[in-house]
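# Report on the structure
Here's the letter readout for the chains.
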There are 2 protein chains.
Amino acid sequence: MTLSSFHPPVRTLMGPGPSDVNPRVLEAMARPTIGHLDPVFVSMMDETKELLQAAFLTENKLTMPVSAPGSAGMETCFTNLIEPGDKVIVCQNGVFGGRMKENVERCGGEAIMVQDDWGKPVDAEKVEQALQDHKDAKIVAFVHAETSTGAVSDAQALVALAHQYDCLAIVDAVTSLGGSPLKVDEWEIDAIYSGTQKCLSCTPGISPVSFSERAIAVIKNRKTKVQSWFMDLNLVMDYWGSGAQRSYHHTAPINALYGLHESLVILQEEGLENAWARHDKNHQALKAGIEAMGLSFFVDEAHRLPQLNAVEFPAGTDEAKVRSELLNRYNLEIGSGLGPMAGKIWRIGLMGFASNQQNVLTCLGALDAVLSDMGVEINSGKAVSAAMASFSA
Amino acid sequence: MTLSSFHPPVRTLMGPGPSDVNPRVLEAMARPTIGHLDPVFVSMMDETKELLQAAFLTENKLTMPVSAPGSAGMETCFTNLIEPGDKVIVCQNGVFGGRMKENVERCGGEAIMVQDDWGKPVDAEKVEQALQDHKDAKIVAFVHAETSTGAVSDAQALVALAHQYDCLAIVDAVTSLGGSPLKVDEWEIDAIYSGTQKCLSCTPGISPVSFSERAIAVIKNRKTKVQSWFMDLNLVMDYWGSGAQRSYHHTAPINALYGLHESLVILQEEGLENAWARHDKNHQALKAGIEAMGLSFFVDEAHRLPQLNAVEFPAGTDEAKVRSELLNRYNLEIGSGLGPMAGKIWRIGLMGFASNQQNVLTCLGALDAVLSDMGVEINSGKAVSAAMASFSA
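Small disclaimer: the values here were computed from a predicted structure and weren't measured. (Residues numbered from 1 in each chain as written. Chains lettered and ligands numbered in written order. Predicted model: local features only at pLDDT ≥ 70, side-chain atom pairs only at ≥ 80, totals over all residues.)

### Some words on the overall build of chain A
- Along chain A, the regular secondary structure elements total 13 helices and 14 strands.
- Taking all 393 residues of chain A together, the buried fraction comes to 59%.
- Intrachain contacts of chain A at a sequence separation of at least 6 include 72% that bridge at least 24 residues. (Helix = DSSP H or I, 4+ residues; strand = E, 2+ residues; numbered from the N terminus. Buried ≥ 20, exposed ≤ 12 C-beta atoms within 10 Å, placed from the backbone. Contact = placed C-beta atoms within 7 Å.)

Have a look at this one:
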C-alpha cells in the first residue's frame, strides 16, 4: 500500500453544509487532546453547555452536544420520547420530515403524516386538523428550517398548537441555529436538535440538543427502556450532568468539542441577533444578484431562509456540469437538489462563517461566468453589481 | 457571558484512552474542511476504507468508520445483527461484556451470560457449554481486549467455537486494534468494532467496524427493520459503498476522518507487526519498573495486554490522590479502575503514540516520586533503572 497523507484543496463551501469553517475553529481542534474525565475538560464541558444554552436561548438544563452528527441528534429526540404504540404527528414539507417518519416507526410509534408541498411552510391548519382527528397523539414533530428546500416554518405557532392539544413538540433546527431567529424558551420547544456544520461554522459530526423539563419528565417516566444504549439520555445525562454525579458513559469526541466550544464563543462575540442580521443582509445581496441574472427562487419570499437559498435554473440546464465547473474552476461548492428536488434546484448556502460579502460576490461572479460559457440564457454581467448595490443600500 | 477560547494543558495521556495523539493527526484535523460529497473527499473515503482493511487484516468490503464513538460502533454491530427473539451468548469478564448484554436486550434479543472473573480471559469451555445448552443461539459476542481489566482473550479459538455451533461472532477490539495481534480474516471474525482513541493514536469520536460476507447476508435478510436509522448498515452501506451507488445518508465528520486517515497512514508506515512489537517492548520495560517498585499486575502474565496495564497498589493507598498528584505535578494522566475495579487498580495505558520509551520512564519516575512523597511503602529509586535495563536488553 502506498497511501500518503491527505491534503484537501481549499474550497469555498456554499452548499447545504458543511459550510466554511472559521479558521479559529480548525485551530482549536488541533489543540492537545486531554482526557475526557480530566477536570479541565469537565470545566470545558460545563462551558459548552452554557454556550449552547445561550445559542438556543434556553435555560434548559438538559442542553448538550450529542457525540455524533445531526441525524443522531434527531434519533436521540425520537428514541427517548417515543415508546411503542405512541402516535406522533409528523409534518413533512421536504426530505427531513420523511426521515422523522422513519424514526417514529423504528421506535415502534405510529406516524400520522401531515403533508405540505415541498418549498412551502408547514400548514398550521392541517396540523390542527390532524390533532383533532388524533386526540391521543403524544408528539408533534416538524422541521423548522428545511435544508432540502430552504423554507422556514412558524415554529412558535406550531409548538403552541401542539401544547394546546397536550402534545410535546420536537423541532429540527439543524439549519436554523445561529442563522435565523430561534428561541427555544420563548417558543416553548420541548425537544430540539441541530448540527454543527451549518450556521455554527464548525466541522460536521456533533449535534447540539436541548430538552424542556416537560420532555425530561416524559423520558424519566418511560415504561420501556430507550432502545438505543448509545443515545439513552437517562445514561448520557449522568455524563453531561452536574459535577457530583458525573459518570462515564462513552468517550467524548474531545477535539471535536474544542471546535464546537470555539464556534460558540465566536457566536457570542458577534451576538446572536447580529449573526441573524448578517445572514439576512448577505441573503438580500445574493437575492439581488440572482434576480438580476434572471434566475428565481423556489420558495416564496415570506418563507425563505436567508442561509439556504433554493435557486431555480432555466429548463434544460446541465446543472451537474454547472456545479462541477464551479468546483473545478473556482473551488466553489454549491449544492444540488435532494431527493425529488434533484435536477430542479441548486441550494446555495450562506451559513455561518460562509455568510459574508466575499462569498456572495464570488458565487455570483462564478455562476455568471459558468452559465454564460455554457450558453445558458441569463442576463450576464448584472449580478455582481446588483449585489454590490444591495450591500451599499 | 464572558467565556473565552479554551486552551487545554499539554498532558501525557497514559490512561485507558484517549491516549496521546500523534501531532500529525492533530495537524491533519486542522486542514480545510471540504464537502462530504466532494469527489476529492470521496477518494479519501475510499483510501480510508482500504487503510482500515489493512489495519484489521481483512478484505471485508464492508469495512468503514462509524461516525460516532466506539460505543456506537458496538451498537452498530448488535442492532444490525440481532432481531427480536434472537439468542446471543455474551461473554463477560469486565465492564464491556455487561454493556453487550444491555445492547442485546435493547435490540429485543435474549442474552445468555457466560461469566468469568474480572482480569481472567473468557473461558472457552464455559462458552462451549453455553453453546451446547442453547443450540438455537445465533451469535457469540465477546471482548477481545478488556479495557476495564487489561486481559486479552483467545479470539481465534472463541470464533472457531462459535462457527462450530453455526453462530456468528461479534468481537470488541476497541483496545486491541493497532496495539496487539488482531487478524480479522485469519480468525474469521464476522463483526468487529474498535475505537480511534486507543492504539490508533487518533482523537476519540470514530469507530472503525468490519463485517464478513456471512454477517452481511444476515443483515440483508432481516425480517424486521434495523431499529436505529442512524446505524442501519443497509443505508450506511450506500454512502460508504462503491462510487456508482453512493448516496447521502448523513454528513460525515469530515475533519475527524482526516485525522483517522492520517493515523492509519502512520500505522502502515510503521507496519502492523512493528507496532505490535513496540507495544510489547514498552510494556516489558514498564513491567520491569512496576515490579522493581514492588507493585504487581492484576492480570496473569499469559493474558496481559501490553497496551493496558492494570496495576495493583498497597492496601490503604489514597489512589485518587495519587492520580491527582500525577496530573497536577507532572501533567500525567493514568486511569482509575472502572466499575467494581474502582479503588483496586490503576490502568496505565501504553497505547499507540503514547507507547514510547519517554512515557514509560516519565510514568515510573513520577509514580515513584508521588508514592514516596505520600509515604506509600514501595522500593523507591529502583523503577527507572529497571526499565532502562529492560530497554537495553
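### Some remarks on the relation of the copies chain B and chain A
- Rotating chain B by 180 degrees and moving it 0.0 Å along the rotation axis overlays it on chain A with an RMSD of 0.0 Å. Read as a symmetry element, the transformation amounts to a two-fold axis. The C-alpha atom lying nearest the rotation axis in chain B is that of B:Ala68; the distance is 2.5 Å. (Least-squares fit on C-alpha atoms with pLDDT ≥ 70 in both.)

### Examining the sheet that holds strand S13 (residues 332-336) of chain B
All names here are of chain B.
- Strand order across the open sheet formed by five strands is S1-S13-S14-S12-S11, with mixed pairing between neighbours. Edge positions in the open sheet fall to strand S1 (12-14) and strand S11 (296-297), since each of these has one partner strand only.
- Where helix H11 (residues 319-330) meets the sheet, its contacts fall on S13 and strand S14 (345-349), and the angle it forms with S13 comes to roughly 160 degrees. (Pairing = 2+ DSSP bridges. Axes fitted to C-alpha atoms, helices over the stretch in contact; angles between N-to-C directions.)

### Some points on the sheet that holds strand S12 (residues 308-312) of chain A
Residues and elements named next belong to chain A.
- Taken in spatial order, the five strands of this open sheet run S1-S13-S14-S12-S11, and their pairing is mixed. Both outer strands of the open sheet, strand S1 (12-14) and strand S11 (296-297), are each paired with one neighbouring strand and no more.
- Here S12 pairs with strand S14 (residues 345-349) via five bridges, running antiparallel. Bridge assignment links Asn309 to a residue of S14, and that residue is Ile348.
- The strands that helix H11 (residues 319-330) touches are strand S13 (332-336) and S14; relative to S13, the one it contacts most, it runs at about 160 degrees.

### Structural notes on the interface of chain B and chain A
- Each partner contributes to the interface: chain B provides 68 residues, whereas chain A provides 68 residues.
- Ranked by residue count, the leading element in the side of chain B that touches chain A is helix H9 (residues 254-270) of chain B, at eight residues.
- Residues that form the side of chain B that touches chain A fall into these classes: 33 nonpolar, 22 polar and 13 charged. (Nonpolar A, V, L, I, M, F, W, Y, C, P; charged D, E, K, R; others polar.)

### Some remarks on the domain arrangement of chain A
Residues and elements named next belong to chain A.
- Per the domain assignment, the segments of chain A are domain 1 (22-268) and domain 2 (272-392).
- Distance between the C-alpha centres of domain 1 and domain 2: 29 Å.
- Between domain 1 and domain 2, the contact holds 22 residues from the first and 22 residues from the second.
- Across the side of domain 1 that touches domain 2, the residue classes break down as ten nonpolar, eleven polar and one charged. (Domains from an automatic or database assignment.)

### Some details on the environment of A:Met237
Residue and element names in this part refer to chain A.
- As for its placement among the helices and strands, Met237 is situated in helix H8 (residues 233-240).
- For Met237, a count of 20 C-beta atoms within 10 Å translates into the label buried.
- Spatially, the C-alpha atoms of Met237 and Met64 are 9.1 Å apart, while their sequence positions differ by 173 residues.

### Some details on the pairing of strand S12 (residues 308-312) of chain B
All names here are of chain B.
- Counting buried positions along S12 yields four of five residues, so the element is predominantly enclosed.
- Here two bridges tie S11 to S12, and the two strands are oriented antiparallel to one another. Bridge pairing in S12 links Ser296 to Glu312.

### Quick word on the packing of helix H12 (residues 357-373) of chain B against helix H13 (residues 383-392) of chain B
All names here are of chain B.
- Direction vectors running N to C along H12 and H13 enclose 160 degrees, while the axes themselves pass 8 Å from each other. The angle between H12 and H13 falls in the class roughly antiparallel. Both H12 and H13 take part in a crossing whose hand is right-handed. Touching Gln357, Val360, Leu361, Leu364, Gly365 and Asp368 of H12 are Ala383, Val384, Ala387 and Phe391, all from H13.
- For the contact of H12 with H13, a count of residues per class yields seven nonpolar, two polar and one charged. (Parallel < 35°, antiparallel > 145°, perpendicular 65-115°, else oblique. Left-handed = near helix turned anticlockwise from the far one by under 90°.)

### Here we look at the environment of A:Asn309
All names here are of chain A.
- By the secondary structure assignment, Asn309 is in strand S12.
- By the C-beta count within 10 Å, which is 27 here, Asn309 ends up buried.
- The spacing of Asn309 and Asn274 is 35 residues in sequence and 20 Å in space, taken between C-alpha atoms.
- The residues contacting Asn309, other than those within four sequence positions of it, are Gly150, His283, Leu286, Phe297, Ile348 and Leu350.

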